[in-house]
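Working through the structure, step by step
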Amino acid sequence: MSAAATTLKGTQPAPTNEGLEKSRSPLVEALLRLRKNKTAIAGLIIILIFLCMALFAPWLAPHDPIKQSLYSKLKPPIWDAKGTWEYVLGTDDFGRDLLSRIIYGARISMVVGVVSVSISLFFGTIAGAFAGFYGGKIDNVIMRFMDLLLAFPSILLAIVIVAFLGPSLRNAMIAIGVVSIPRYARLVRGSVLEEYSKDYVQAARALGARDGRLIFLHILPNCLAPLIVQTTLGFASAILEAAALSFLGLGAQPPTPEWGAMLANGRALILRAWWAVTFPGLMILFSVLGFNLLGDGLRDALDPRLRD
Amino acid sequence: MLSFILRRTLALIPTVFGISVLVFFMIHLVPGDPAEMMLGERASEQALKEVREQLGLDKPLYVQYGRFLARLAKGDLGRALRTNEKITTEIADRFPATVELSIAAMIFAVTLGMLAGILSATRQYSVFDYSSMIFSLVGVSMPIFWLGLILMIIFSVHLGWLPLSGRLSYHIHIESITGLYILDSLLTLNWPALKDAVWHIIMPAFTLSTIPMAIIARITRSSMLEVLRQDYIRTAKAKGLAPRVVHYKHALKNALIPVITVIGLQFGILLGGAILTETIFAWPGIGLWLLNAVYARDFNAVQGGTMLIATTFVTINMLVDILYAWINPRIKVS
């Protein structure tokens, strides 16, 4: 007779949840821990909202974000006595709709995050993995170079790289990506060093696995937890730094609806149009906050040792 | 301790050398001819030639770097192409403004951040704890260039309490001794200047302090909570000591060790943040100067300024390491 049938008859106690929990994979465990973390869920919701704004910008935005209208210059938001439903968050000094520019701005910020983080993740992971795996001189050369990049305040290094490459959003993304490489390299190197001596790696090596296979198929998948956390937090700093560079005129160029560039434009209007400064800044703050909250939550869920 | 200081100081030499290599080669990131990039497409061949000579771009790479290094060793960073002034002189004129701003920001960050952290830890899960932790979460995500503008709108445009920008009002004069206006006005007993300088520094310093303040508050709270769970604290409480004595006399001293490291590291980060803050508030420091050099494509000045800021940054980090080892002798052993 099966256990289920016995239970139905009430002759044996029902199986407890303890047994089930033991069989859960570490990923499911981590997701369950994440689900209980309210701030992380708040972060995830914020990110999803921005992601929707980015994906559906053409359908959500009521106006063309770069279309100018001389008749609609500096219109205040809807709740102001002079505000209209046509421009819910008001307009800037070129008569462009702020709400539409903010919605399209989410698209740019997400792209900046993806591109910059991909650059630093790709090069940082390779550099860190090689340094940790091969050790010795290779480790020394790679890590000393990483230390060198860390010898500069990150925003300064990004500014200087853009200064020499020329101001543009593309170069800003490259600069932000390069500046963050050491964070990933250090993280991956540490994880690879920890994993390298473990039995499963030695077993794979004994079976004849080559270096590339060992690094990318065996070791790196086991270093994912801290990388996921760093990638999430990396999105936050990439968005913030890109906005800073655009604010300084070194990133996105007018009329691109980038939040930092919008702030730079609104700066000249602070005496006349507070809304031109307030809303783009709030978008930067909330998007960065969303990724920081989720990153903190993921850190607690995936690797409790890394907590403050 | 002496050997630790010596080792740590010697380790600075290859780092500074590496910085010089990186800063030197940055000019070769420029797509095309840097001289043409600096002077524009319409520049005469003669002018281009002069700039190439001045930058040493007409020489082989190793000669260029050798000359760059030789000049650095003599403390000469070359001349700013915009003004033809010595870069060291221009930096020396502006550096005190950045130092003063960073110190003021750090005073804000340390006092308010530590106070929030200590009170949060001693009143864990209270309304104050939750609100200060929400503040610190928002603080680390804050675009300070936006916060600066918002503070300007509130405190300068609407309330008129604080000056909009600058370091000193036009009608105020200070006899320069250290270059730090607040200190100089104190030394010369110039009270109107002191008031004016303090009024001007409040907003930029607070703006710059936001992120370090949030980080210090978080670290202080977690460090204090960890110490409060220790046996010796329980013993102190069991002896019947007043909570205030236990918190501030017994716990705080040990909780401060990690906080000091964080404070030191924030000082270096302030140098980066100063570029943004100085731009918003037209604060005549090294950050604004460097950015103007970037706008003017004055690569000579950009290289000089970057070299100086990066060297200051690693030196501060070294001093923090030494201070940390002095406070926590276990570091030296490891």
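How each quantity is defined
Residues numbered from 1 in each chain as written. Chains lettered and ligands numbered in written order. Predicted model: local features only at pLDDT ≥ 70, side-chain atom pairs only at ≥ 80, totals over all residues. Heavy atoms only, no water. Helix = DSSP H or I, 4+ residues; strand = E, 2+ residues; numbered from the N terminus. Buried < 20%, exposed > 50% of the residue type's maximum accessible area, 1.4 Å probe, protein only. Contact = heavy atoms within 4.5 Å. Areas by Shrake-Rupley, 256 points an atom, 1.4 Å probe, with all protein chains shown as cover. Expected span 1.5 Å × (residues − 1). Patch = residues over 30% accessible without salt bridge, like charges linked within 9 Å, V, L, I, M, F, W, Y side chains within 5 Å. Salt bridge = Lys/Arg side-chain N within 4 Å of Asp/Glu carboxyl O. UniProt positions renumbered as here; feature names shortened; annotations may be inferred. Buried area = accessible area lost by both parts, 1.4 Å probe. Polar contact = N/O pair within 3.5 Å; in protein donor to acceptor, adjacent residues only side chain to side chain. Core = buried A, V, L, I, M, F, W, Y, C linked by side-chain atoms within 4.5 Å. Domains from an automatic or database assignment. Axes fitted to C-alpha atoms, helices over the stretch in contact; angles between N-to-C directions. Parallel < 35°, antiparallel > 145°, perpendicular 65-115°, else oblique. Nonpolar A, V, L, I, M, F, W, Y, C, P; charged D, E, K, R; others polar.

Scanning chain A from terminus to terminus reveals 14 helices and zero strands. The order of helices and strands in chain A, counted from the N terminus, is α-α-α-α-α-α-α-α-α-α-α-α-α-α. Projected onto the principal axes, the alpha-carbon positions of chain A cover approximately 80 × 65 × 30 Å. For chain A, with 308 residues in total, the buried portion stands at 51%. A sequence separation of at least 24 residues applies to 69% of the contacts in chain A between residues at least 6 apart.

This paragraph deals with the overall build of chain B. The secondary structure content of chain B amounts to 15 helices and zero strands. For chain B, the spread of C-alpha atoms along the three principal axes comes to 85 × 55 × 40 Å. A total of 334 residues make up chain B; the buried ones form 49% of that total. Considering only contacts within chain B whose residues lie at least 6 apart along the sequence, 71% involve residues at least 24 apart. Carbon together with sulfur atoms contributes 65% to the accessible area of chain B, which is approximately 16200 Å² in total.

All names here are of chain A. Position of Arg-183 relative to the elements: it lies in helix α9 (residues 169–196). Separated by 111 residues in the primary sequence, Arg-183 and Ser-72 place their C-alpha atoms 46 Å from one another. If we ignore the near neighbours within four places in the chain, the residues touching Arg-183 are Ser-154, Gln-230, Ser-237 and Glu-241.

Our next topic: helix α10 (residues 191–228) of chain B. Between the first and last C-alpha of α10 of chain B there are merely 44 Å, a value that for 38 residues lags more than 12% behind the 56 Å anticipated at 1.5 Å per step. Here α10 of chain B lies mainly inside the structure; 27 of its 38 residues are buried.

This paragraph deals with a nonpolar patch on the surface. Residue and element names in this part refer to chain A. Taken together, Leu-44, Leu-48, Leu-51, Leu-55, Phe-56, Trp-59 and Leu-60 make up a surface patch of nonpolar side chains, about 720 Å² in accessible area. Considering every element that reaches the nonpolar patch, the biggest residue donor is helix α4 (residues 38–55), with four residues. Checked against the element boundaries, Trp-59 lands in helix α5 (residues 57–60).

This next bit is on the environment of Ala-238 of chain A. Residues and elements named next belong to chain A. Here Ala-238 shows up in helix α12 (residues 224–247). Spatially, the C-alpha atoms of Ala-238 and Arg-101 are 20 Å apart, while their sequence positions differ by 137 residues. If we skip the residues at most four places from it in the chain, Ala-238 touches Val-112, Gly-113, Ser-116, Val-117 and Ile-176.

A separate point is the UniProt feature "transmembrane region" (unreviewed entry) in chain B. Residues and elements named next belong to chain B. According to UniProt, the positions carrying the feature "transmembrane region" (unreviewed entry) are residues 12–30, 103–122, 134–161, 197–219, 255–274 and 308–327. Taken end to end, residues 12–30 comprises 79% helix and 0% strand; its first and last C-alpha atoms sit 29 Å apart. As annotated, residues 103–122 has a helix share of 100% and a strand share of 0%, and its two end C-alpha atoms lie 28 Å apart.

With that settled, the discussion passes to the interface of chain A and chain B. Opposite the 40 residues of chain A that make contact, chain B presents 45 residues. Summed over both sides, the interface between chain A and chain B buries roughly 3800 Å², with carbon and sulfur atoms accounting for 82% of that surface. At the boundary of chain A and chain B, one finds one salt bridge. In this structure, the salt-bridge partner of Arg-218 of chain B is Asp-296 of chain A, at a minimum N-O distance of 2.7 Å. At the boundary of chain A and chain B, one finds six residue pairs in polar contact (both at pLDDT 80 or more). In terms of residues, the side of chain A that touches chain B owes the most to one element, helix α14 (residues 275–302) of chain A, which gives 12 residues.

Here we take up the side chain of Arg-299 of chain A. Relative to the assigned elements, Arg-299 of chain A resides in helix α14. Here Asp-296 of chain A takes part through its side chain, which lies 2.6 Å from a polar atom of the side chain of Arg-299 of chain A.

As a further point, take the side chain of Ser-246 of chain A. Residue position: Ser-246 of chain A is located in helix α12. Looking at Ser-246 of chain A, the relative accessible area reads 2%, which means it is buried.

Before going further, it helps to spend a moment on unusual backbone geometry. Cis peptide bonds are those with omega within 30 degrees of zero, and the linkage from Pro-254 of chain A to Pro-255 of chain A qualifies with 5°. Mapped onto the secondary structure, Pro-255 of chain A falls in the loop between α12 and α13 (259–267). For Asn-84 of chain B, which is not glycine, the phi dihedral falls at a positive 65°. One can find Asn-84 of chain B in the loop between α5 (61–73) and α6 (87–122). Assessed through its relative accessible area of 49%, Asn-84 of chain B is described here as partly exposed.

Phe-152, Ile-159 and Leu-245 of chain A together with Ile-19 and Phe-145 of chain B are the most contacted members of the largest nonpolar core, which has 162 residues in total. In terms of residues, this core owes the most to one element, α14 of chain A, which gives 14 residues. Three or more residues apiece are contributed to this core by two domains, here domain 1 (2–73) and domain 2 (94–327) of chain B. For Phe-152 of chain A, the residues in contact, after removing those within four places along its chain, are Leu-157 of chain A together with Ile-19, Leu-22, Val-23, Thr-306, Ala-310 and Phe-313 of chain B. The next biggest cluster of nonpolar side chains, apart from the first, holds 12 residues, and it includes Ile-118, Ala-121, Ala-236 and Ala-251 of chain B.

This next bit is on the environment of Arg-8 of chain B. Looking at the element boundaries, Arg-8 of chain B is found in helix α1 (residues 2–10). Taking the C-alpha atoms as reference points, Arg-8 of chain B and Asp-321 of chain B, separated by 313 residues in sequence, lie 8.1 Å from one another.

Here the focus is the UniProt feature "domain: ABC transmembrane type-1" (unreviewed entry) in chain B. In the numbering used here, UniProt assigns the "domain: ABC transmembrane type-1" (unreviewed entry) feature to residues 95–324 of chain B. For residues 95–324 of chain B, the end-to-end C-alpha separation is 26 Å, with 80% helix and 0% strand making up the annotated structure.

Our next topic: the UniProt feature "transmembrane region" (unreviewed entry) in chain A. Using the residue numbers shown here, the UniProt feature "transmembrane region" (unreviewed entry) corresponds to residues 40–61, 108–133, 145–165 and 273–294 of chain A. Secondary structure across residues 273–294 of chain A comprises 91% helix and 0% strand; the distance between its end C-alpha atoms is 33 Å.

A word on the domain arrangement of chain B. All names here are of chain B. Domain assignment breaks chain B into domain 1 (2–73) and domain 2 (94–327). Averaged C-alpha coordinates put domain 1 and domain 2 at centres separated by 33 Å. If you look at the interface, domain 1 gives 18 residues, while domain 2 gives 17 residues. For the pairing of domain 1 and domain 2, the buried interface totals around 1600 Å² over both sides, and the portion due to carbon and sulfur atoms is 77%. Where domain 1 meets domain 2, there are zero salt bridges. Linking domain 1 with domain 2 are two residue pairs in polar contact (both at pLDDT 80 or more), by the criterion used here. Counting only elements with at least two residues in the side of domain 1 that touches domain 2, the list comes to α1, α2 (12–26) and α3 (34–39). If one sorts the elements of the side of domain 1 that touches domain 2 by residue count, α2 sits on top with seven residues.

Residue and element names in this part refer to chain B. For the pair α1 and α2, the least separation of the axes is 4 Å and the interaxial angle reads 15°. What the angle tells us is that α1 and α2 run roughly parallel. Packed against α1, whose contacting residues are Arg-8, Thr-9 and Leu-10, the element α2 presents Leu-12, Ile-13 and Pro-14 at the interface. Looking at the contact of α1 with α2 residue by residue, the classes come out as four nonpolar, one polar and one charged.

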